[in-house]
Amino acid sequence: MSEEPGRRRYDSLRRTAQAQQTRADVARAALHLFVSRGWAATTIRDVAREAGVSVPTVYAAYGNKSGLTRALADAADLSADVPRLVAALESPTADPAGQLAAMAGYDRRLYERAGDVITLVREAGRSEPELATLYEDSRRRGDLTRVQVFSSWPPGVLRTGLDVPSAVDVYAALCNIDVYAVLTGERGWSPDQVEQWWCGVLVRELLH
């Protein structure tokens, strides 16, 4: 009898852990189905069956299919290690070339670890306005970071004739999910090779 209160004390923690595990199982099942079948062709019932849970459990965890996809996108951002990027950009020893390398490294990590999520959000956005907005907002946040970084550089750092908006456009044309997918998927490059090439070409194209 004396052990019963102790066991009850951890019931809440146990339930929290079980709920987190269920959410993770649902997310993994959803990602697998979204990638293999396509977002539009996958239903909540399919996700529930794949995860081994009930349909109401999926709705309780994520609300709906768009909410589930949004959660996957949030997890994708975390997987790329934003604090690491911020620390590199704010380092007292960081120069423009180093900051470009930090941003290229972040994009490499994002596409390597969560490229499938980015692709499915873009695909789902063709039929789901909420997810189209999610994708567009993510792109805008990336552009805003580049604007802030490029604007912080002293005059004369950017190539002659290149202003900040044009520099942001050049970066976006080079470091994107499609370029990464072609180089790694079709051309056999390793993620390291892509990152190294990005670092070199960004310096050549953007810096004086």
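Small disclaimer: the values here were computed from a predicted structure and weren't measured.

### Description of the overall build of the protein
- Counting its secondary structure elements, the protein contains 11 helices and zero strands.
- Of the regular secondary structure in the protein, the N- to C-terminal order runs α-α-α-α-α-α-α-α-α-α-α.
- Its C-alpha radius of gyration of 21 Å places the protein more than 25% over the 17 Å reference for a compact globule of 208 residues.
- Across the 208 residues of the protein, 37% fall into the buried class.
- The contacts in the protein between residues at least 6 apart in sequence include a share of 67% that link residues at least 24 apart.

### Brief notes about helix H7 (residues 96–124)
- In a regular helix each residue adds 1.5 Å, so 29 residues correspond to 42 Å; H7 covers only 36 Å between its end C-alpha atoms and thus falls short of that length.
- Considering bend angle alone, the principal kink of H7 is centred on Ala114 and spans about 85°.

### A word on the pattern of salt bridges
- Counted by the stated rule, this structure contains 12 salt bridges.
- Glu130 is paired through a salt bridge with Arg70; the nearest N and O atoms lie 3.5 Å apart. Residue Glu130 is located in helix H8 (residues 129–151), and its partner Arg70 is located in helix H5 (residues 65–79); the two are separated by 60 residues in the primary sequence.
- For Arg108, the salt bridge goes to Asp192, with nearest N and O atoms at 2.8 Å. In this pair, Arg108 is assigned in helix H7 and Asp192 in helix H11 (residues 191–206), connecting sequence segments 84 residues apart.
- Residues participating in the shared-partner salt-bridge network are Arg108, Glu112, Asp192 and Glu195.

### Some details on the packing of H7 against helix H10 (residues 177–186)
- It is at 10 Å that the axes of H7 and H10 come closest, and there the two elements cross at 115°. On the basis of the axis angle, H7 is roughly perpendicular to H10. Like other packed secondary-structure pairs, H7 and H10 cross with a definite hand, here left-handed. Packed against H7, whose contacting residues are Arg108, Tyr111, Glu112, Gly115, Ile118, Thr119 and Arg122, the element H10 presents Ile177, Asp178 and Tyr180 at the interface.
- Here the residues of the contact of H7 with H10 sort into four nonpolar, two polar and four charged.

### With respect to H5
- Here H5 is 15 residues long and its end C-alpha atoms lie 21 Å apart, about the 21 Å a rise of 1.5 Å per residue gives.
- Turning to H5, its buried residues number three or more, namely Lys65, Ser66, Gly67, Leu68, Thr69, Leu72, Ala73 and Ala76.
- In this structure Asn64 caps H5, since a side-chain oxygen of it lies 3.1 Å from the backbone nitrogen of Ser66.
- Where H5 ends, the next residue or the one after it, Asp81, has phi of about 70°, a positive value.

### Remarks on the UniProt feature "domain: HTH tetR-type" (unreviewed entry) in the protein
- The UniProt entry lists residues 20–80 under the feature "domain: HTH tetR-type" (unreviewed entry), expressed in the numbering used here.
- The distance separating the terminal C-alpha atoms of residues 20–80 is 21 Å; by composition the span is 80% helix and 0% strand.

### Focus: the packing of aromatic side chains
- Under the definition given, this model contains six aromatic pairs.
- Note on Trp189 and Trp197: the rings are 6.0 Å apart at their centroids and 90° apart in plane angle, and the pair reads as edge-to-face.
- The exposure class of Trp189 is partly exposed, given its relative accessible area of 28%.
- Above the face of the Tyr62 ring, Arg23 is positioned so that its terminal group lies 4.2 Å from the ring centre.

### Points about the environment of Glu205
- Structurally, the position occupied by Glu205 is in helix H11.
- Each C-alpha atom, one on Glu205 and one on Ala19, is 49 Å from the other, the two residues being 186 residues apart in sequence.

What counts as what
- Residues numbered from 1 in each chain as written.
- Predicted model: local features only at pLDDT ≥ 70, side-chain atom pairs only at ≥ 80, totals over all residues.
- Heavy atoms only, no water.
- Helix = DSSP H or I, 4+ residues; strand = E, 2+ residues; numbered from the N terminus.
- Rg over C-alpha atoms; globule rule 2.2 N^0.38 Å.
- Buried < 20%, exposed > 50% of the residue type's maximum accessible area, 1.4 Å probe, protein only.
- Contact = heavy atoms within 4.5 Å.
- Expected span 1.5 Å × (residues − 1).
- Bend = angle between axes of the 7 residues up to and from the residue.
- Salt bridge = Lys/Arg side-chain N within 4 Å of Asp/Glu carboxyl O.
- Axes fitted to C-alpha atoms, helices over the stretch in contact; angles between N-to-C directions.
- Parallel < 35°, antiparallel > 145°, perpendicular 65-115°, else oblique.
- Left-handed = near helix turned anticlockwise from the far one by under 90°.
- Nonpolar A, V, L, I, M, F, W, Y, C, P; charged D, E, K, R; others polar.
- Polar contact = N/O pair within 3.5 Å; in protein donor to acceptor, adjacent residues only side chain to side chain.
- UniProt positions renumbered as here; feature names shortened; annotations may be inferred.
- Phe/Tyr/Trp six-rings, centres within 6.5 Å; stacked < 30°, edge-to-face > 60°.
- Lys NZ or Arg CZ within 6 Å of the ring centre and 35° of its normal.

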